[in-house]
Amino acid sequence: MRDISKTSYDEITPPAVYFNRRSFLRTGVAAGTAIATASVYRWFNPSKMTDVASTQAVEFEATTEAEEELIARGLRVNEPSTSELNILNYNNFYEFTTQKEAVARAAKDFKTDGWQLVVDGMVNKPRSFTIDELHAISPPQERVYRMRCVEAWSMVIPWVGVPLAHLLEAVEPMANAKYVAFETLFDPVRMPGQKTAALEWPYIEGLRLDEAMHPLTFLATGLYGKTLPPQDGAPVRLVVPWKYGFKGIKSIVRLTLVADQPKTSWSRYAPREYGFYANVNPNVDHPRWSQATEQRIGESGRRRTLMFNGYEEQVADLYADLDLSKHF
Ligand SMILES: Nc1nc2c(c(=O)[nH]1)N[C@H]1C(S)=C(S)[C@@H](COP(=O)(O)O)O[C@H]1N2
Ligand SMILES: [Mo]
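Okay, the overall build of the protein chain next. Along the backbone of the protein chain there are ten helices and twelve strands. In the protein chain, buried positions account for 57% of the 328 residues. The long-range fraction of contacts in the protein chain, counting pairs at least 24 apart against all pairs at least 6 apart in sequence, stands at 71%.

Time to look at the pattern of salt bridges. Where side chains of opposite charge bring their charged atoms close, a pairing between them can arise. Tallied over the entire structure, the rule returns 20 salt bridges. For Asp109, the salt bridge is made with Lys108, and the minimal N-O distance between the two is 3.4 Å. The two residues Asp109 and Lys108 agree in class, both being exposed. In this structure, a network of salt bridges that share partners links the residues Glu79, Arg146, Arg148, Glu294, Arg296, Glu299 and Arg303.

Take a probe with the size of a water molecule and roll it over the atoms, and the empty space left behind shows itself. Roughly 510 Å³ of internal volume is contained in the largest pocket. Along the wall of the largest pocket there are 33 residues; nearest its centre are Asn92, Tyr94, Tyr203, Phe246 and Trp266. Only strand S4 (153-163) and helix H9 (265-269) provide two or more residues apiece to the lining of the largest pocket. Looking at which element gives the most residues to the lining of the largest pocket, the answer is S4, with four residues. Grouping the amino acids of the lining of the largest pocket by side-chain chemistry returns 21 nonpolar, five polar and seven charged.

Looking now at unusual backbone geometry. The general pattern is negative phi for most residues beyond glycine and trans for most peptide bonds. Look at the link from Trp201 to Pro202: it is a cis peptide, with omega at -5°. For the bond running from Ala234 to Pro235, omega is -5°, close enough to zero to count as cis. The residue Pro235 is located in the loop between strand S8 (226-227) and strand S9 (237-239) in this model. With phi around 55°, Ala278 is a residue other than glycine that occupies positive phi space.

Turning to the sheet that holds strand S2 (residues 127-129), a few remarks are in order. The mixed open sheet is built from five strands, whose spatial order is S2-S1-S10-S5-S6. At either margin of the open sheet sits one strand with a lone partner, and together these are S2 and strand S6 (204-208). For this sheet the average axis-to-axis angle between neighbouring strands, irrespective of direction, equals 20°. As paired strands, strand S5 (residues 179-184) and strand S10 (residues 252-258) are joined by six bridges and run antiparallel to one another. The residue bridging Glu183 from the neighbouring strand is Arg254, located in S10.

Around ligand 1, the surrounding shell holds 17 residues, and the nearest of these are Tyr94, Glu95, Asp232, Gly248 and Lys250. Within the contact set of ligand 1, a nitrogen atom lies 2.8 Å away from a side-chain nitrogen or oxygen of Glu95. Contacts to ligand 1 include Asp232, whose side-chain N or O atom sits 2.7 Å from an oxygen atom. Contact with the protein chains covers 98% of the free accessible surface of ligand 1, which is 530 Å².

Right, let's get into the environment of Leu324. Summarising the element assignment, Leu324 is placed in the segment after helix H10 (312-315). Under the relative-accessibility criterion, Leu324 is labelled partly exposed at 26%. Sequence spacing of Leu324 and Asn283 is 41 residues, and the spatial spacing of their C-alpha atoms is 9.0 Å. If sequence neighbours within four positions are ignored, Leu324 has contacts with Asn281, Val284, Met307, Phe308 and Tyr319.

Its location among the elements puts Glu95 in the loop between helix H4 (84-89) and helix H5 (103-107). This buried residue, Glu95, is left without a salt bridge; Lys250 holds the nearest opposite charge, at 7.5 Å. Setting aside residues no more than four positions away along its own chain, Glu95 makes contact with Thr184, Met191, Pro192, Gly193, Gln194, Trp201 and Tyr203.

Let's shift gears to the pairing of strand S7 (residues 218-223). The buried fraction of S7 amounts to six of the six residues, a majority that puts the element mostly inside the structure. Bridge analysis of S4 against S7 gives five bridges, and the strand direction is antiparallel. When the sheet's bridge partners are listed, Pro163 is paired in S7 with Phe218. With three bridges joining them, S7 and S9 adopt antiparallel strand pairing. The residue bridging Leu219 from the neighbouring strand is Leu238, located in S9. Pairing of S7 with S8, which is carried by two bridges, proceeds in the antiparallel orientation. Note on S8: the bridge partner recorded for Gly222 is Thr227. Counting the residues between successive antiparallel strands, the hairpin from S7 to S8 contains two residues, one of them, Tyr224, with a positive phi of roughly 50°.

We now examine helix H7 (residues 164-171). Along H7, six of the eight residues are buried, which leaves the element largely enclosed by surrounding structure. Just past H7, the residue Glu172 takes up positive phi, approximately 55°.

Rules behind the numbers
- Residues numbered from 1 in each chain as written.
- Chains lettered and ligands numbered in written order.
- Predicted model: local features only at pLDDT ≥ 70, side-chain atom pairs only at ≥ 80, totals over all residues.
- Heavy atoms only, no water.
- Helix = DSSP H or I, 4+ residues; strand = E, 2+ residues; numbered from the N terminus.
- Buried < 20%, exposed > 50% of the residue type's maximum accessible area, 1.4 Å probe, protein only.
- Contact = heavy atoms within 4.5 Å.
- Salt bridge = Lys/Arg side-chain N within 4 Å of Asp/Glu carboxyl O.
- 1 Å grid on protein atoms, 1.4 Å probe; cavity = no way out; pocket = protein on both sides within 12 Å on 5 of 7 lines; lining within 4 Å.
- Points joined across faces, edges and corners; volume = space filled by probe spheres on them.
- Nonpolar A, V, L, I, M, F, W, Y, C, P; charged D, E, K, R; others polar.
- Pairing = 2+ DSSP bridges.
- Axes fitted to C-alpha atoms, helices over the stretch in contact; angles between N-to-C directions.
- Near = heavy atom within 4 Å.
- Polar contact = N/O pair within 3.5 Å; in protein donor to acceptor, adjacent residues only side chain to side chain.
- Areas by Shrake-Rupley, 256 points an atom, 1.4 Å probe, with all protein chains shown as cover.
- Lys, Arg positive; Asp, Glu negative; His and termini not counted.

Listed below in structure tokens is the structure:
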């Protein structure tokens, strides 16, 4: 397996750079790579944030060579971010409701105090992580990624979080571990949608280990410089920007390293419609609709969907042996 997880992405993305440049942080943070844990809590303190909730997309234009570099590596999209208001009010999260515009309200009282993320299976050092412990092994960074739902709508989302590779390195996967299985919390009291048969619960997802170790693969614990809100998968959710949105499992309680390809919620629900890989591909239509174009939320008109959602240069090598006309 090609080891692309050790590239120096982190060194070129000191959080101070983008948090300082952006207007929604009033307080500056320590510059450079020496990021004290204390400053993490400052970024995550909503009272220190200016309110950016509006329907206006947030423009971004690279002004420095460092920013050009982030764009070239796929860590930041040079397209306007979708407004915070839209990101917070147009969601898929069936544990609460299947109505996208109603998720925010249905999830607003979801409490995540004392959350534990268990990492087990084929690892040398199984353990669980609180969100603070996750931030301690890898200081939060920002990633501005396209998000393309299989339903043919899309957003650009400024996430905050940690590369999944850093978590996996900490638990030391065994040589025969080949996949990572993910699981959402199962608690029908706190997640009333789980009292319905909308899906089989808990929601489960999976990645091949090399996909999981890819430097773009991300565990988000925040967005727009704030703690991740319930409707977007608090306190920690997966983000795999070159795959359809359903791979981005929310409110994760468990990661298990396994030898065989794990089951996933949507392929279990409709195997003919949703595959394990689910790589964004404008040339392979969903059985019931075209995937050639998409509706960017907040825009009029449609955009052409990009191969691997615009991350082809970064991820195509992972699929050299895969027939891309079949694995959607
Ligand atoms: N646990 C869980 N994770 C989930 C879902 C869900 O219903 N339950 N929906 C998925 C789908 S279909 C999409 S498009 C994205 C939506 O993420 P967002 O609401 O933060 O934009 O979350 C994904 N993760
Ligand atoms: Mo989706």
